[in-house]
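Residue-level structural notes
Next come the chains, spelled out residue by residue.
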Amino acid sequence: MANAREWLAGTRPRTLPAAVVPVLIGSGVAAGYGEFSLWRAALALVVALALQIGVNFANDYSDGVRGSDSAERRVGPMRLVGSGLASPGQVKLAAFGCFFVACGAGLALAAVTSWWLVLAGALAVLAAWFYTGGSRPYGYRGFGEVSVFVFFGVAAVAGTAYVQMGRLSWLGLAASIPAGLLSCALLMVNNLRDIRSDGESGKRTLAVRIGDARSRSVYLLFLLVPFALAALIAFVRPFSLLMLLALPLALAPVRAVRGGASGPALITTLGQTGRLQLAFGLAFTIGLAIHG
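All figures in this text were calculated on a predicted structure; none of them were measured in a lab. (Residues numbered from 1 in each chain as written. Predicted model: local features only at pLDDT ≥ 70, side-chain atom pairs only at ≥ 80, totals over all residues. Heavy atoms only, no water.)

Quick look at the overall build of the protein chain
Broken down by element type, the protein chain carries 12 helices and 0 strands. Going from the N terminus to the C terminus, the protein chain shows its helices and strands as α-α-α-α-α-α-α-α-α-α-α-α. Here the C-alpha radius of gyration of the protein chain, 18 Å, is about what a compact globule of 292 residues would show, namely 19 Å. For the protein chain, the spread of C-alpha atoms along the principal axes amounts to about 55 × 45 × 30 Å. Across the protein chain, contacts joining residues at least 24 apart in sequence account for 78% of those joining residues at least 6 apart. A total accessible area of about 12,400 Å² is found for the protein chain, and carbon and sulfur atoms account for 70% of it. (Helix = DSSP H or I, 4+ residues; strand = E, 2+ residues; numbered from the N terminus. Rg over C-alpha atoms; globule rule 2.2 N^0.38 Å. Contact = heavy atoms within 4.5 Å. Areas by Shrake-Rupley, 256 points an atom, 1.4 Å probe, with all protein chains shown as cover.)

Structural data, given as structure tokens:
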């Protein structure tokens, strides 16, 4: 039986910046227009975190029952089902519990903004489950990065700004692109770490499909292009350049990936990528919020 620490590890804390950063950036957009709402931002954060943890538990369940996350194959951190610490039913229940929380917070936001958010939320939950769930999971066919970009980039940033401002803005959409790419970097380095075990188990992630060398190049693009895109936004929000303060944090993961780090060595790189994403998000948020 898994204890509290093991359940916490099952939430995959290194991936949580992918949920937090888009909400921060979307809130920075709203603040820059003078329309920041703390309670709406807090609800948006609940939605994002619950979805991220829910998809992590859903992946743990689906990969575990398929055998692609077995302890013998596993390169990364422990998984609850694959290690036998929790039953598939328990982990599936945890995933759906998280989705329930996300839906509850999302319904509250829809009630005070627009009911079309219910459709967006339903699509997000379906995307979370069918990433590795169902008979034809799209995560096993190399479309994980596309989904991450859409839901933890465009939808999360623009949606967070929307629920506070009551309208879509071009700045929210523009700011969502760097956020989405950084979330893709987090997924790419995770899949690069697991490229061998995923290939052996038939999990055809984008990393498996394009190979080790190209995956490293794509990761570097996902990691560094956001800085260039955010710099362009500085033409209308000059303080967006504060995000450059996070650039030194890119040195360690860039060096590791370019240097050929693989397998367990990339666990550290995953954490470094998450810290870079969080630092970028905080600095970019402050810059977007200062309209001057």
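Some details on the environment of L182
Along the chain, L182 falls in helix α7 (residues 170-193). Remark: the alpha-carbon pair of L182 and T160, spanning 22 residues in sequence, is separated by 17 Å. Setting aside its immediate chain neighbours within four residues, L182 contacts F222, L223, P226, Q277 and F280.

What to know about helix α4 (residues 88-112)
For α4, built from 25 residues, the straight-helix expectation of 36 Å at 1.5 Å per residue is met to within 8% by its first-to-last C-alpha distance of 37 Å. When we look at burial in α4, the residues that qualify are V91, A94, A95, C98, F99, A102, A105, L109 and A110. (Expected span 1.5 Å × (residues − 1). Buried < 20%, exposed > 50% of the residue type's maximum accessible area, 1.4 Å probe, protein only.)

Side note on the packing of helix α11 (residues 251-258) against helix α12 (residues 265-289)
Axis angle and axis distance: for two packed helices, these are the angle between their axes and the distance between the axes, and together they describe the pair. Where α11 contacts α12, the axes come no closer than 9 Å and their chain directions differ by 150°. For the pair α11 and α12, the sense of crossing is left-handed. In contact with A252, P253, A256 and V257 of α11, α12 contributes L266, T269, Q272 and T273. Taken together, the residues of the contact of α11 with α12 break down into 5 nonpolar, 3 polar and no charged. (Axes fitted to C-alpha atoms, helices over the stretch in contact; angles between N-to-C directions. Left-handed = near helix turned anticlockwise from the far one by under 90°. Nonpolar A, V, L, I, M, F, W, Y, C, P; charged D, E, K, R; others polar.)

A few points about the packing of aromatic side chains
Evaluated as defined, the whole model comprises 8 aromatic pairs. Ring geometry for Y61 versus W129: centroids 5.8 Å apart, planes at 25°, classification stacked. Within this pair, whereas Y61 is found in helix α3 (residues 38-66), its partner W129 is found in helix α5 (residues 116-130), the two being separated by 68 residues in sequence. Here the aromatic rings of F227 and F280 are separated by 5.1 Å at their centres, their planes lie at 90°, and the arrangement is edge-to-face. Taken as a pair, F227 in helix α10 (residues 212-233) and F280 in helix α12 lie far apart in primary sequence, 53 residues in all. On the basis of relative accessible area, F227 is assigned to the buried category, the value being 5%. Taken together, the ring pairs in this structure connect Y61, F96, F99 and W129 into an aromatic cluster. A cation over a ring is seen here: R167 above Y33, with NZ or CZ 5.6 Å from the ring centre. (Phe/Tyr/Trp six-rings, centres within 6.5 Å; stacked < 30°, edge-to-face > 60°. Lys NZ or Arg CZ within 6 Å of the ring centre and 35° of its normal.)

Points about unusual backbone geometry
Notably, R12 is not glycine yet its phi reads approximately 60°, a positive angle. Looking at the secondary structure, you find R12 in the loop between α1 (4-10) and α2 (17-32).

Observations regarding the environment of A250
With respect to the helices and strands, A250 occurs in the loop between α10 and α11. Spatially, the C-alpha atom of A250 lies 34 Å from that of G67, the residues being 183 residues apart in sequence. Other than its neighbours up to four places away in sequence, A250 contacts L223, L224 and L276.

Observations concerning the packing of α3 against helix α6 (residues 144-165)
Close contact between α3 and α6 brings their axes to 9 Å; oriented N to C, the two are set at 155°. With respect to α6, the element α3 is oriented roughly antiparallel. In the packing of α3 onto α6, the handedness of the crossing is right-handed. Packed against α3, whose contacting residues are R40, A41, A44, A48 and Q52, the element α6 presents F152, T160, V163 and Q164 at the interface. Looking at the contact of α3 with α6 residue by residue, the classes come out as 5 nonpolar, 3 polar and 1 charged. (Parallel < 35°, antiparallel > 145°, perpendicular 65-115°, else oblique.)

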